[in-house]
Amino acid sequence: MNSSTENSSFITPAADCRVWKEKYEHEDYIFTLSSIILNMLTCPMIVFINSLVIAAVLKKRRLQTMYNMLLASLAATDLAVGVFVQPSFIFGEISLISGSSVVDYCRLYRQTVFAFLYPSLASLVLLALLSIERFLAIKYSLRYLEIVTKFRFKVAVIFCFTTTATPTGIRLIAPLSKLPTWLTITLACVSLLVIIYCQIFVHRVSRRHRKEIQAVQVSQDAKRKFLEEAKAVKTTSIIIGFVLFSYFPTLVYLFLGKYFGNVLLSFKPLVLTCILLNSLCNPIIYCWRSSVLRKALVELLRRTYNNTG
């Protein structure tokens, strides 16, 4: 590695590079190579399956519910991870083990983190919006269509994407400003609080409704509608659970890093990979939980195969 020819004083701790002022030993390669292989294998899958989900929701009218459109918006952020973030991450890790300088690697690392900032924050805000949509569907089931109109839905989605783009835009204009960091933290905290509140509420209401259905005779239509809403609530909870689970290794890494320091540096590529792989888990969850979406994807694949054949 050409780190000996570089002046390490040019690399500041703000770069947060795991090789900063460190000698990158050969035994660390196994973790880097593992992360490269995992991302190279999953990147095409993430792009393919999230593209299918978006295309299916846009083309199939029966799928164009508010809930499914939010899932398609979430798939768009996952698609951005596969198109932009993973290739940048792979290229940076390959350049490191192929002998690139520490300065060059830190530049690529910062670019990867910057590319990941927008889709990760957008997905978190969209999950908050998804939780709000389930909250309204459960609490105001009779007035849901009056409250959640197409116009309001479009405004809410556009607001999510533009709001989460603000920290990235400020960072481009003023790289040294601390405002983007504070905006990111504020948006993330508010989104998490909204998610927690909505999830607690909808699960309590769903449990109460389930007991009422068991105790009182209700129409088949009312029972079917409740089961559909309850299934959507559970799907949302599973998606949120997997997102939190993907960030769990990062939290453990940050906590243990205070005590073990450089010992854990070699694990960082795999820790980051866990977050990136969540973009593959989300569409799999959609398809697993929705038979209608599965059928639409199969129809889309068959039509595409027949047209190309």
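Residues numbered from 1 in each chain as written. Predicted model: local features only at pLDDT ≥ 70, side-chain atom pairs only at ≥ 80, totals over all residues. Heavy atoms only, no water.

Draft legend 1. Representation of the overall build of the protein chain. Summing up its helical and strand segments, the protein chain has ten helices and zero strands in all. The proportion of buried residues among the 309 residues of the protein chain is 42%. Across the protein chain, contacts joining residues at least 24 apart in sequence account for 79% of those joining residues at least 6 apart. Here the protein chain displays about 17700 Å² of accessible surface, and carbon together with sulfur accounts for 68% of that area. (Helix = DSSP H or I, 4+ residues; strand = E, 2+ residues; numbered from the N terminus. Buried < 20%, exposed > 50% of the residue type's maximum accessible area, 1.4 Å probe, protein only. Contact = heavy atoms within 4.5 Å. Areas by Shrake-Rupley, 256 points an atom, 1.4 Å probe, with all protein chains shown as cover.)

Draft legend 2. Focus on a positive patch on the surface. Among the surface-exposed residues, Arg204, Arg207, Arg208, Arg210, Lys211 and Lys234 lie close enough to one another that they form a single positively charged patch. Take the positive patch: its biggest share by element is five residues, from helix H6 (residues 179–215). Tracing the backbone through its elements, the reader meets Arg208 in helix H6. (Patch = residues over 30% accessible without salt bridge, like charges linked within 9 Å, V, L, I, M, F, W, Y side chains within 5 Å. Salt bridge = Lys/Arg side-chain N within 4 Å of Asp/Glu carboxyl O. Lys, Arg positive; Asp, Glu negative; His and termini not counted. Charge placed at Lys NZ, Arg CZ, Asp CG, Glu CD.)

Draft legend 3. Highlighting the packing of aromatic side chains. Going through the model one piece at a time under the given rule, you end up with two aromatic pairs. A centroid spacing of 6.1 Å and a plane angle of 45 degrees characterise the contact between Phe135 and Tyr197, whose relative ring orientation is tilted. In this pair, Phe135 sits in helix H3 (residues 102–139) while Tyr197 sits in helix H6, placing the two residues 62 residues apart along the sequence. The class for Tyr197 is exposed, based on a relative accessible area of 52%. Here the aromatic rings of Phe135 and Phe201 are separated by 4.6 Å at their centres, their planes lie at 50 degrees, and the arrangement is tilted. On the criterion of sequence distance, the pair formed by Phe135 in helix H3 and Phe201 in helix H6 is long-range, its members being 66 residues apart. (Phe/Tyr/Trp six-rings, centres within 6.5 Å; stacked < 30°, edge-to-face > 60°.)

Draft legend 4. The arrangement of the nonpolar core in detail. Counting residues in each nonpolar core, the largest one holds 47 residues, and the members touching the most others are Ala56, Leu127, Ile239, Tyr286 and Leu293. It is H3 that contributes the most residues to this core, twelve residues altogether. Not counting chain neighbours up to four residues away, the residues in contact with Leu127 comprise Leu74, Ile195, Ile239, Ile240 and Val243. Ranked by size, the runner-up nonpolar core spans six residues in total, among them Val81, Phe89, Phe116 and Leu276. (Core = buried A, V, L, I, M, F, W, Y, C linked by side-chain atoms within 4.5 Å.)

Draft legend 5. Examining the environment of Thr235 more closely. Position of Thr235 relative to the elements: it lies in helix H7 (residues 220–260). The spacing of Thr235 and Tyr286 is 51 residues in sequence and 7.6 Å in space, taken between C-alpha atoms. Within the structure, the side chain of Thr235 is placed 3.0 Å from the side chain of Arg289, a separation counted as a polar contact. (Polar contact = N/O pair within 3.5 Å; in protein donor to acceptor, adjacent residues only side chain to side chain.)

Draft legend 6. Molecular detail of the environment of Lys231. Structurally, Lys231 is set in helix H7. Sequence separation between Lys231 and Ser290 is 59 residues, and the spatial gap between their C-alpha atoms is 9.1 Å. Engagement of the side chain of Lys231 in a polar contact is seen with the backbone oxygen of Arg289, the distance being 2.9 Å.

Draft legend 7. Seen up close, the pattern of salt bridges. Considering all chains together, one arrives at three salt bridges under this definition. The salt bridge partner of Glu299 is Lys60, with a shortest N-O separation of 3.0 Å. Separated by 239 residues along the polypeptide, Glu299 in helix H10 (residues 291–308) and Lys60 in the loop between helix H1 (29–59) and helix H2 (66–97) bring together distant segments of the chain. Each of Lys60, Arg62 and Glu299 takes part in salt bridges that share partners, so that together they form one network.

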